[in-house]
Amino acid sequence: MEVIFLLEQVLNGLLVGAYYLLLALGLSLIFSLGGIVNLAHGGFYAIGAYLAVVLTRHLGWAPAFVASPILVALLGVVVERLFFQRFYRRDPILSILLTFGLAMVIEQSLRMIFGAAPLPTSIPRALSGTVIVGDFLYSRYRLTILAVAILAVAATWLIVYRTSFGRVVRAGVQNPDMVGALGISLKPYMTAIAALAIGLAGLAGVLLAPISGVHPAMGAEILTAAFVVVVIGGLGSFWGVIIAALLVGVVRGVTIYVFPPAGEASIYLLMVVVLLIRPRGLLGERIERFE
Amino acid sequence: MPFNRDLSRRRLLQGAAGATLVSSLGMPAVLRAQSGPIRIGHLTPLTGFLGPLGEYAQLGVKLAVSEINEAGGVNGRPIELVMEDSVNPQTASAKAERLLTRDDVVLIIGEISSSSGLAIGQVANRLNRIFINTGCNSDELRGAGCNPFMFHVEAANSMYVQTAGQYLLENGLVEGKSWYTLTADYAFGHDLLRVARNFLEKNGGTFAGEDLVATDTTDFSPFILKIRRARPDVVISNLSGNQVTNFIKQYAEFGLPFPISGFDIPTTAAWAAGPGAFSGIWPSVWHHRVDTEGSKAFITAFVEEYGKLPENQAWGDYNAMKIVAAAIGELGGADSPEIADYLRTGVEFDVLKHRPAFFRPYDNQLVQEMYAVRAKSAEQMEDATDVYEALGTVPLPDQSLEIIAPPRDGACQMPA
């Protein structure tokens, strides 16, 4: 085992972690703020991918890559207004049932419209090819994904931590009643956050469409890993989710290097270990109403 | 793929109507014993990493049934399908048992996962009913796991390895070469790796690496980096279902110089790879470029019905249904032991290939022509489905069809 091979897997794992991050961040936002375990998050990821494929045929890839996440975010507004809003203060079991049903509706709808077989997709020519840095090989497309992911996460951070909008949101996470008593209606904030979170899922779908199979169950396939990231990172923690996503990517990569059959299982093992040591996750905050 | 809402709405309504029909058929069994429809069970995975193939399996079997019924049924009796998602080996086994004992189906067709196929085969054998496997490749189902009621329209791993292997040998990619294999980590993959290893070692090659890959893997970058460091002469995919699509796309993304090949490629995976990403020599049990009258008629009918081309899995379930109908028509009844005896006589069936096929009694494998294909480059492709060119049939027209079948090593012991 050469150190450089291992280092290569660590760096690649950080990159892979960025994909998990885009999904997990949205999950964490919706759960932290609304108490909704969004099992339909993978569905929105899949919708993003399908939109990118369909729009690319008509508009070319660049407009399609920009428009698709925005359309998914708008869909998020509709879903939040129609469904999520009614479940914020209710028993979490209800929202789990709701989003579980929604996930199935999305998956089956995609199957009925597009068929179960994966759709053909390609990396846009302008972004294909590889970059060799020293002894390391990178796909140019994956570096692009990384850059977009960093931008998206930074923008989310700015919105949540550096704006007055974000202050209200964070106050709402800790104590919605107090925010209400101060005369602030959380409703539009909730809608905006849900749209942001679901838009991030759509963005992840758009970005991953060219390098993975675009098929109706693609959301279900990746959602479990995203939940693992949220659980490891700890609820309500922005940085926790980031650290967890990168950690999951690295642990998976190194495991595949050392013992490939355990690659996918390793992230669940990591979750068990983290929960044994820190039941609230790596950087989980104490949130009154979930205690 | 057409963006056709009407088609899907119609199909939804058909589904609803079908469900009503099925539930209203809960009448006493006596009434439909000889004159009513012949009920055929169909089990295949519709969810999970094999789900995309399962959809084609259902389309194939439904097309066969509608053709049979339009032609007046079998001895005047229509065929009625009872279709279920087999999900996983446990569910497949439970559903097979329920179909055969409670839903009064006469036999079961289908399956893709070798693990689930083995489970269904065991249930069928215990109940003395036929199971026709249309998608499980493991030699084990034809070896230690064989039984007199399980028949295989799908080709065995040995047949796939021999088929691609012939052309790999001709292209100098075996003798003295090192292979890096990625293998699906379940019954099918383990079986295929064993067969591939025998082939490679018999022909003087070595392994540069062999990794098992979890079936839910979607990101292959860590494996591709390992392959780059191992510098093999050939990269071999023993992957399955959605794994193949993801791996092919990502392998092309990293642009490694080592040629790629493999021993199982669902046509849908080649279509989904996108122009330029798919490369190498691959085996196929049937593909949409097979140049026979039967295949052309099948393709025309399929496109007319569903608005898209059939692939290997649709071919399998379509032909299994046609074989069953032919056997029942010939025998005048749907008694499983009688059908089994009939199929094992070596009677030949037209399976839309150049040469007719037959089940060999040793392991109930359908002995048939196979095809090797080579991926086309993006420039060579005429349209999105024009992904490969036919290299030829294996065995050659003047060779015995049986030379590629799994070896008769005595692993399969059928009770007399």
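Calculation criteria
Residues numbered from 1 in each chain as written. Chains lettered and ligands numbered in written order. Predicted model: local features only at pLDDT ≥ 70, side-chain atom pairs only at ≥ 80, totals over all residues. Heavy atoms only, no water. Pairing = 2+ DSSP bridges. Helix = DSSP H or I, 4+ residues; strand = E, 2+ residues; numbered from the N terminus. Axes fitted to C-alpha atoms, helices over the stretch in contact; angles between N-to-C directions. UniProt positions renumbered as here; feature names shortened; annotations may be inferred. Buried < 20%, exposed > 50% of the residue type's maximum accessible area, 1.4 Å probe, protein only. Arc of directions from axis to C-beta. Salt bridge = Lys/Arg side-chain N within 4 Å of Asp/Glu carboxyl O.

(A) Representation of the sheet that holds strand S10 (residues 281-284) of chain B. Residues and elements named next belong to chain B. Within the open sheet, the 3 strands sit side by side as S10-S14-S15. Their pairing is antiparallel. Either end of the sheet is taken by a strand with one partner, and the two such strands are S10 and strand S15 (388-394). Averaged over all pairs of adjacent strands, the angle between their axes in this sheet comes to 30°, without regard to strand direction. As paired elements, strand S14 (residues 370-375) and S15 share 6 bridges and run antiparallel to each other. Opposite Tyr371, over in S15, you have Thr393 as the bridge partner.

(B) The UniProt feature "transmembrane region" (unreviewed entry) in chain A, seen in detail. All names here are of chain A. Feature annotation in UniProt places "transmembrane region" (unreviewed entry) on residues 12-31, 36-55, 61-84, 96-116, 145-169, 189-210, 222-248 and 254-277, given in this structure's numbering. Helix makes up 92% of residues 61-84 and strand 0%, whereas the separation of the span's terminal C-alpha atoms amounts to 32 Å. This span, residues 222-248, is 85% helix and 0% strand, and a straight line between its end C-alpha atoms measures 13 Å.

(C) The UniProt feature "domain: Leucine-binding protein" (unreviewed entry) in chain B, seen in detail. Sites flagged by UniProt as "domain: Leucine-binding protein" (unreviewed entry) map to residues 37-378 of chain B. Its end C-alpha atoms 49 Å apart, residues 37-378 of chain B is made of 43% helix and 19% strand.

(D) Geometry of helix H6 (residues 164-174) of chain A. Residue and element names in this part refer to chain A. Among the residues of H6, those classed as buried are Gly166, Val168, Val169, Gly172 and Val173. Looking straight down H6, one finds that the buried residues subtend no more than 160° of arc, so they occupy a single side. In H6, the exposed positions that point more than 90 degrees away from the buried face belong to Ser164 and Arg167.

(E) Examining the pattern of salt bridges more closely. Throughout the structure, instances matching the rule amount to 25 salt bridges over all chains. Arg228 of chain B is the salt-bridge partner of Glu8 of chain A, the closest N and O atoms lying 3.4 Å from each other. One end of the pair, Glu8 of chain A, is in helix H1 (residues 3-34); the other, Arg228 of chain B, is in helix H7 (residues 221-230), on a second chain. Judged by its relative accessible area of 16%, Arg228 of chain B falls in the buried class. A salt bridge links Glu389 of chain B to Arg374 of chain B; the nearest nitrogen and oxygen atoms lie 3.7 Å apart. Here Arg374 of chain B lies in strand S14 and Glu389 of chain B lies in strand S15, a separation of 15 residues in the sequence. Arg374 of chain B gets classed as partly exposed once you look at its relative accessible area, which sits at 31%. Several salt bridges converge on common partners, so that one network encompasses Arg142, Arg252 and Glu264 of chain A together with Asp219 and Glu253 of chain B.

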